[in-house]
Amino acid sequence: MNQLKNLFLLIISVGFLNSCYSFSGSSLTDEKTVQINEFPNNSALVNPTLAQQFSTDIQNRFLQRTTLKGTKQNPDILIEGEITDYSITPTTISSTTQQTSAGGTIQESQNKLTITVKVRYENKLHPELNFEKNFSDEAVFNSSLSQDQIETSQVKIATDRIINKIFNDIVANW
């Protein structure tokens, strides 16, 4: 009899908790449509493919991982912004050395790619959620990478992290 009583209390408790808190993890409840405008690259150093790739990736993230539908007319949510910084700077010179074929030594060094994106988020159904802020991330890499290798691998790392931050700020309800 005691086990039956405990089971009944457990069921009642879970039902109560479920009614108090939504386990959906999303703050998007009433919103049905989204418009994500292209993010132009307004940084001093311009990667020619960054604006288009970033814009496509952020659109795909929202359209694939939410129930929002893309629209160009009167959206419930508007996401827009610009890429404000794209820079590559030296960060460290390591104590690791390599011998060259000529008998000299080369110290290995690392560079850091930094990308910053300014985002304006407008929620027409819940204007108290609107914001405008900068999202930034970086990728540290060996200085021996070519410009092409940086743009195909390191840029993807940094932009994926930035898109995750933007997505979580807009969608996650933790």
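Residues numbered from 1 in each chain as written. Predicted model: local features only at pLDDT ≥ 70, side-chain atom pairs only at ≥ 80, totals over all residues. Heavy atoms only, no water.

Visitor: Looking at this structure, I do not really get the environment of threonine 92. What am I missing?
Guide: By the element assignment, threonine 92 lies in strand E3 (residues 77-99). Sequence separation of threonine 92 and glutamine 110 is 18 residues, and the distance between their C-alpha atoms is 5.3 Å. (Helix = DSSP H or I, 4+ residues; strand = E, 2+ residues; numbered from the N terminus.)

Visitor: I'm lost on the nonpolar core in this one. Help?
Guide: Inside soluble globular proteins, nonpolar side chains tend to come together where they are buried. Counting 30 residues, the largest nonpolar core has Phe54, Ile79 and Ile115 as the members making the most contacts within it. Put simply, the parts of the chain that give this core at least two residues each are strand E1 (33-36), helix H2 (50-65), E3, strand E4 (105-123), strand E5 (131-142) and helix H3 (147-171). Sort the elements by how many residues they give to this core and H3 lands first, with 9 residues. (Core = buried A, V, L, I, M, F, W, Y, C linked by side-chain atoms within 4.5 Å. Buried < 20%, exposed > 50% of the residue type's maximum accessible area, 1.4 Å probe, protein only.)

Visitor: Could you clarify how one ought to interpret the environment of threonine 114 in this entry?
Guide: Along the polypeptide, threonine 114 turns up in strand E4. Measuring from C-alpha to C-alpha, the distance between threonine 114 and aspartate 137 comes to 5.9 Å, with 23 residues separating the pair along the chain. Those residues in contact with threonine 114 that sit more than four places away from it in its chain are Asp85, Tyr86, Ser87, Ser136, Asp137 and Glu138. (Contact = heavy atoms within 4.5 Å.)

Visitor: Would you mind going over H3 with me for this structure?
Guide: Along an α-helix, a turn takes 3.6 residues, which lines up residues three or four apart on a common side. With 25 residues, H3 ought to run about 36 Å at 1.5 Å a step, and its terminal C-alpha atoms sit 34 Å apart, in line with that. Along H3, the sharpest kink reaches roughly 30°, centred on valine 155. All buried positions along H3 are accounted for by Ile150, Gln154, Val155, Ala158, Thr159, Ile162, Ile163, Ile166, Phe167, Ile170 and Val171. (Expected span 1.5 Å × (residues − 1). Bend = angle between axes of the 7 residues up to and from the residue.)

Visitor: Looking at this structure, I do not really get the pairing of E1. What am I missing?
Guide: A regular strand places its side chains on the two faces of the sheet in alternate fashion. A two-sided burial pattern is seen for E1, the buried positions comprising Thr33 and Gln35 on one face and Val34 and Ile36 on the other. Relative to strand E2 (residues 69-70), E1 runs parallel, the two being bridged by 2 bridges. Paired with threonine 33 across the strands is lysine 69, a residue of E2. Each parallel crossover has a hand, and for E1 linked through H2 to E2 it is right-handed. (Pairing = 2+ DSSP bridges. Right-handed = clockwise from strand over helix to strand, strands pointing away.)

Visitor: Help me understand the pattern of salt bridges in this model?
Guide: A side chain with one charge can pair with a side chain of the opposite charge if their charged atoms come near. What the rule picks out here adds up to 8 salt bridges. When the shortest N-O distance is used, the salt bridge between arginine 120 and glutamate 80 registers 3.9 Å. Of this pair, arginine 120 sits in strand E4 while glutamate 80 is found in strand E3, placing the two residues 40 residues apart along the sequence. Residue arginine 120 is classed as partly exposed on the basis of its relative accessible area of 27%. Aspartate 160 is the partner of lysine 156 in a salt bridge, and the nearest nitrogen-oxygen pair spans 3.3 Å. Highlighted residues: lysine 156 and aspartate 160, both in helix H3, separated by 4 residues, approximately one helical turn. Given a relative accessible area of 36%, lysine 156 falls into the partly exposed group. (Salt bridge = Lys/Arg side-chain N within 4 Å of Asp/Glu carboxyl O.)

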